Amino acid sequence: MIKYIRLVITILAFLPLANVVMAQSTATTSSPYSKYGLGTLNQDALPETRAMGGIGTAINKLGFYNYINSANPASYSYIGLTTIDIGLFNNSVTLSQNGVPSQTNSNFRLSHVSFGIPVSKRSALSFGLKPYTELGYNYTQTKSNLGSGLPSDTNAVNYIYSGDGGLSKAYLGYGFGLGKHIAFGANASYIFGNLQQFRSVEIPNLYGNLNTRIEQSNSVSGLAYDAGTQITFDFKGKKDRPGDPPSRHLTFGYSANLSSQLRTQNKYVITQYQKNFATGDENNAADSVVNNQTSGAKIKLPLIHHFGISFQNDGKFLVGADYSIGNWSQLTIAGVNQGLQNTQTFNVGGQFTPNANSINSYLAAVDYRLGFNYEKTYVQINGTNINQKAITFGFGFPLAPSVGQISFYKLNISAEIGERGTLSNNLIRERFYNFHLGFLLNDKWFRRYKFD
């Protein structure tokens, strides 16, 4: 009875956290490049693997700890303990452009809530909530002489661009092993949220002028699916004793985000308004020139492939690499192709643990992680690819287990230092610092007692 009470309490505790993410309406990013497509895509990785460059397609366990890896649901088959992972995220980004002063913004939010529950010796369920995309920007371009750009001291035109919102993903997945070496899994995800973008044209020095604003928004909801497989080859280490299970594992992984269709309520509104430029106050919209709303529109998500390889020596080290390609040139919203390009991502990284069973030295039991990633994003402006690259690192700090050695804890910290974009062709370069904090619990909830 106690195990079922624990499960109910856990799910009830999860619901308020879910509401926090669902209620997010303010931007959690400050990137002008998030205006394209569905916003900035969020990497499907927890702090443990983010610190290793974001690898994950061929990972199922990290050392002796159970790990929830929704990037490849086949990995759920290796979850042998009830596993909970909850985390926070902080981002700081500095925007630079030639001839314009730099600007720095910071954001903070809940990053993920994930659960893994074993069903049998070689299968498990997982469910959770994560951000899927993030939309947030606000910048102004000014052109002189009524927007012509010709030299003039009056009648400058301000073009103001802003966006806000994002999409979240609630998922439910199942993974199972087929024999000792092959595993399969799949996720069903409910993607939901709001994307709002505004374009305003204002002429501060023209008295009595009506300014114009275009609002384009999408209220999104719908199901998406992904599936994966892993093949693991086990090897005996030189120090393995007779009868011990193999301590070295070579894993190949593949997963795919399947092409799916989401529903969207699309709104396109053009309004005119007056503004007091001395105070910044706006009057109510004088009228709506255009007001189009479509409730039956669709967003067609593309097919994305992920390939991975990893090699692990239990309790010692892990190294791996991933390659992903996404057909984002096929993304359409309300039947309109978004003019994006296909993405490519490379991830490499690993972790090293001097002595996972160390008693005399705590630092020897800490996981040390390092990695690198490079992404050709789906944004291309004036023939220039907007690429992203980052160096990642982090630590896994084991905490004291519970009495009776039935609960195990770890605090995972990761950091990403990188940049997106370029100063060439009068574009914007973003230099970002991401910080992730995660709390991992492994617990023997579902076990049989000899005496009750």
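Rules used throughout
- Residues numbered from 1 in each chain as written.
- Predicted model: local features only at pLDDT ≥ 70, side-chain atom pairs only at ≥ 80, totals over all residues.
- Heavy atoms only, no water.
- Phe/Tyr/Trp six-rings, centres within 6.5 Å; stacked < 30°, edge-to-face > 60°.
- Helix = DSSP H or I, 4+ residues; strand = E, 2+ residues; numbered from the N terminus.
- Buried < 20%, exposed > 50% of the residue type's maximum accessible area, 1.4 Å probe, protein only.
- Lys NZ or Arg CZ within 6 Å of the ring centre and 35° of its normal.
- Polar contact = N/O pair within 3.5 Å; in protein donor to acceptor, adjacent residues only side chain to side chain.
- Contact = heavy atoms within 4.5 Å.

Peer 1: What is the right way to look at the packing of aromatic side chains in this model?
Peer 2: The geometry of two aromatic rings is summed up by the distance between their centres and the angle between their planes. Across all of its chains, the model carries 14 aromatic pairs by this definition. Judged by centre distance (4.9 Å) and plane angle (15°), the ring pair of F115 and F127 falls under stacked. Linking F115 in strand β5 (residues 100-120) with F127 in strand β6 (residues 123-143), this pair joins segments that are 12 residues apart in sequence. There is no split in this pair, since F115 and F127 are both buried. Aromatic side chains Y368 and F395 sit 5.9 Å apart centroid to centroid with 85° between the ring planes, which places their arrangement in the edge-to-face category. On the criterion of sequence distance, the pair formed by Y368 in strand β20 (residues 367-381) and F395 in strand β21 (residues 384-399) is long-range, its members being 27 residues apart. Exposure remark for Y368: the relative accessible area of 29% places this residue in the partly exposed category. Above the plane of the ring of Y36 lies K35, whose end atom (NZ or CZ) is 5.7 Å from the centre.

Peer 1: Help me out: how do you make sense of the side chain of H249 in this one?
Peer 2: With respect to the element layout, H249 can be found in strand β10 (residues 248-257). Here D314 takes part through its side chain, which lies 2.9 Å from a polar atom of the side chain of H249. For H249, the contacting residues outside a window of four places in its chain are T232, F233, D234, S310, F311, Q312 and D314.

Peer 1: What exactly am I supposed to notice about the environment of N434 here?
Peer 2: On the secondary structure map, N434 appears in strand β23 (residues 429-443). Relative accessible area serves as the criterion here: at 11%, N434 is assigned to the buried category. As a C-alpha pair, N434 and F108 span 326 residues in sequence and 10.0 Å in three-dimensional space. A distance of 2.6 Å separates a polar atom in the side chain of N434 from a polar atom in the side chain of N91.

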